[in-house]
Amino acid sequence: MKQQKTGIVIAAHGRHYLADVDGSHVQCVTRGKKTNVAVGDIVDVTFTSPDQAVIDKIQERRTLLYRSDQYKSKLLAANVTQLFIVVATEPSFSDDLVSRATVAAEAAGIAVRLVLNKVDVTANLEQARTRLKVYAAMGYPVHEVSAKERPDDTVAELAPLLDGQSTILIGQSGMGKSSLINLLVPDADIATREISAKLDTGKHTTTFTRLYHLSGGASVIDSPGFQEFGLYHLSEGMLERAFRDFAPYLGGCKYYNCRHLAEPQCAILDAVGAGKIAPMRHELYGQLLHESAQTLY
Ligand SMILES: Nc1nc2c(ncn2[C@@H]2O[C@H](COP(=O)(O)OP(=O)(O)OP(=O)(O)O)[C@@H](O)[C@H]2O)c(=O)[nH]1
Ligand SMILES: [Zn+2]
């Protein structure tokens, strides 16, 4: 009889997956053309050779973080409990991407923290701080670090936050996400090379999502940087609730089905007018409403 076991998906590249099963790395494929497996998924597998297996079943997910475009959704990670959004004093970060990430996380029930890296670049520090105040005011913690100049302080600040959590780091290219991962995950480089070889991606690419185990059962997921964070999958009803800054005002509109775009006596528009909600956030909300009406799947 073929051997059935349970593992956790630690890397994904196209339809190639690598799972950790009892501490060994196993190449996995899905049945048929299924591509609905995400890094972090707990999977039941059937071995087809000592280090290869077929994924039979994805166990029920606690959370699922994904982005999407008009045509399809792209799974980022399963079962994560928190998202670290990495930004930096330089290069400049995109408010649009940061905000989209907060919305995706809220919709998925995942906690959010912002990490401001490169605080040693003092020339841009105050500007970055000012921009991040919008998020701090919504209740998202902001952690100031310098992976390069103050590595020990950085670990002291961030490592305790990883305990008992499954954390995904996302960030635009150049923010220092790799530097942070290397500080927080001992031997991350070695693990990545090994995973890349086992994933059999043809070339030794590092642009895939991967999960690292930390001692004590915590895990960290590194995802490739991306320039777009489509949220076409979020319905109108989900959207307004995924804007944490809207929460105090929801239910206060004249019309129960208010879309908060141009309606009279809209509590959200009033809050924007009163400076309680950042105009940038309301504009993004309008854009996301538009996106959610465009899905073709
Ligand atoms: N001044 C300063 N530079 C840093 C700091 N952390 C990282 N860097 C530099 O920023 C650049 C980008 O760092 P990476 O860690 O490669 O950034 P990344 O976000 O993984 O970027 P990608 O690999 O493009 O996704 C490198 O030149 C780092 O040396 C920091 O705290 N301060
Ligand atoms: Zn309204």
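Under an unreviewed UniProt entry, the name given to the protein is Small ribosomal subunit biogenesis GTPase RsgA, and the organism recorded is [Empedobacter] haloabium. Checking UniProt for the protein, the heading Sequence similarities (unreviewed entry) contains the comment "Belongs to the TRAFAC class YlqF/YawG GTPase family. RsgA subfamily."

Asker: Before we move on, could you go through the overall build of the protein and cite the residues and values that matter?
Answerer: Check the secondary structure of the protein and you find eight helices and 13 strands. Over its C-alpha trace the protein gives a radius of gyration of 20 Å, about what one expects of a compact globule, namely 19 Å for 297 residues. Dimensions of the protein along its principal axes, counting C-alpha atoms only, are 65 × 45 × 30 Å. Taken over 297 residues, the protein has a buried fraction of 38%. Contacts in the protein between residues far apart in sequence, at least 24 positions, make up 66% of those at least 6 positions apart.

Asker: Report on the site of ligand 1, specifying residues and quantitative values.
Answerer: Neighbouring ligand 1 are 17 residues; K148, S173, G176, S178 and S179 lie closest to it. With three residues, helix α4 (residues 177-184) is the largest single contributor of residues to the shell around ligand 1. Residue classes in the shell around ligand 1 are distributed as three nonpolar, nine polar and five charged.

Asker: Explain the packing of helix α1 (residues 95-108) against helix α8 (residues 279-292) to me, using residue names and the numbers behind them.
Answerer: For the pair α1 and α8, interaxial distance at closest approach is 11 Å and the crossing angle is 65°. Put simply, α1 runs roughly perpendicular to α8. Crossing geometry of α1 relative to α8 is assigned as right-handed. Counting all contacts with α1, which are made through D95, D96, S99 and V103, the residues of α8 involved are M280, R281, L284 and L288. When grouped by side-chain class, the residues that make up the contact of α1 with α8 number four nonpolar, one polar and three charged.

Asker: Lay out unusual backbone geometry with the relevant residues and their values.
Answerer: The omega angle of the peptide bond from E90 to P91 is -10°, so this bond is cis rather than trans. Locating P91 in the fold gives a position in the loop between β8 (82-88) and α1. Backbone geometry places H260, a non-glycine residue, at a positive phi of 60°. As for its position among the elements, H260 is in the loop between α6 (236-242) and α7 (267-273). Phi is positive for Q265, which is not a glycine, with a value near 50°. You can call Q265 exposed: it has 11 C-beta atoms within 10 Å.

Asker: Outline α4, listing residues and values.
Answerer: Among all positions in α4, only K177, S178, L180, I181 and L184 are buried. The buried residues of α4 all sit within an arc of 160° when viewed along its axis, so they share a single face. For α4, the elements touching its buried residues are β8, β9 (111-117), α3 (151-162), β11 (166-171), α5 (188-199) and β13 (219-222).

Asker: Can you lay out the pairing of β11 for me, pointing to particular residues and giving the numbers?
Answerer: For β11, a buried count of six out of six residues is recorded, marking the element as mostly surrounded by other parts of the structure. What you see with β11 is no split at all: S166, I168 and I170 on one side and T167, L169 and G171 on the other are buried throughout. Where β8 lies against β11, five bridges are found, and the strand directions are parallel. Opposite I85, over in β11, you have I170 as the bridge partner. Taken together, the four bridges between β11 and β13 define a ladder with parallel strand orientation. Paired with T167 across the bridge in β13 is V220.

Cut-off values and rules
Residues numbered from 1 in each chain as written. Chains lettered and ligands numbered in written order. Predicted model: local features only at pLDDT ≥ 70, side-chain atom pairs only at ≥ 80, totals over all residues. UniProt positions renumbered as here; feature names shortened; annotations may be inferred. Helix = DSSP H or I, 4+ residues; strand = E, 2+ residues; numbered from the N terminus. Rg over C-alpha atoms; globule rule 2.2 N^0.38 Å. Buried ≥ 20, exposed ≤ 12 C-beta atoms within 10 Å, placed from the backbone. Contact = placed C-beta atoms within 7 Å. Near = placed C-beta within 6 Å. Nonpolar A, V, L, I, M, F, W, Y, C, P; charged D, E, K, R; others polar. Axes fitted to C-alpha atoms, helices over the stretch in contact; angles between N-to-C directions. Parallel < 35°, antiparallel > 145°, perpendicular 65-115°, else oblique. Left-handed = near helix turned anticlockwise from the far one by under 90°. Arc of directions from axis to C-beta. Pairing = 2+ DSSP bridges.

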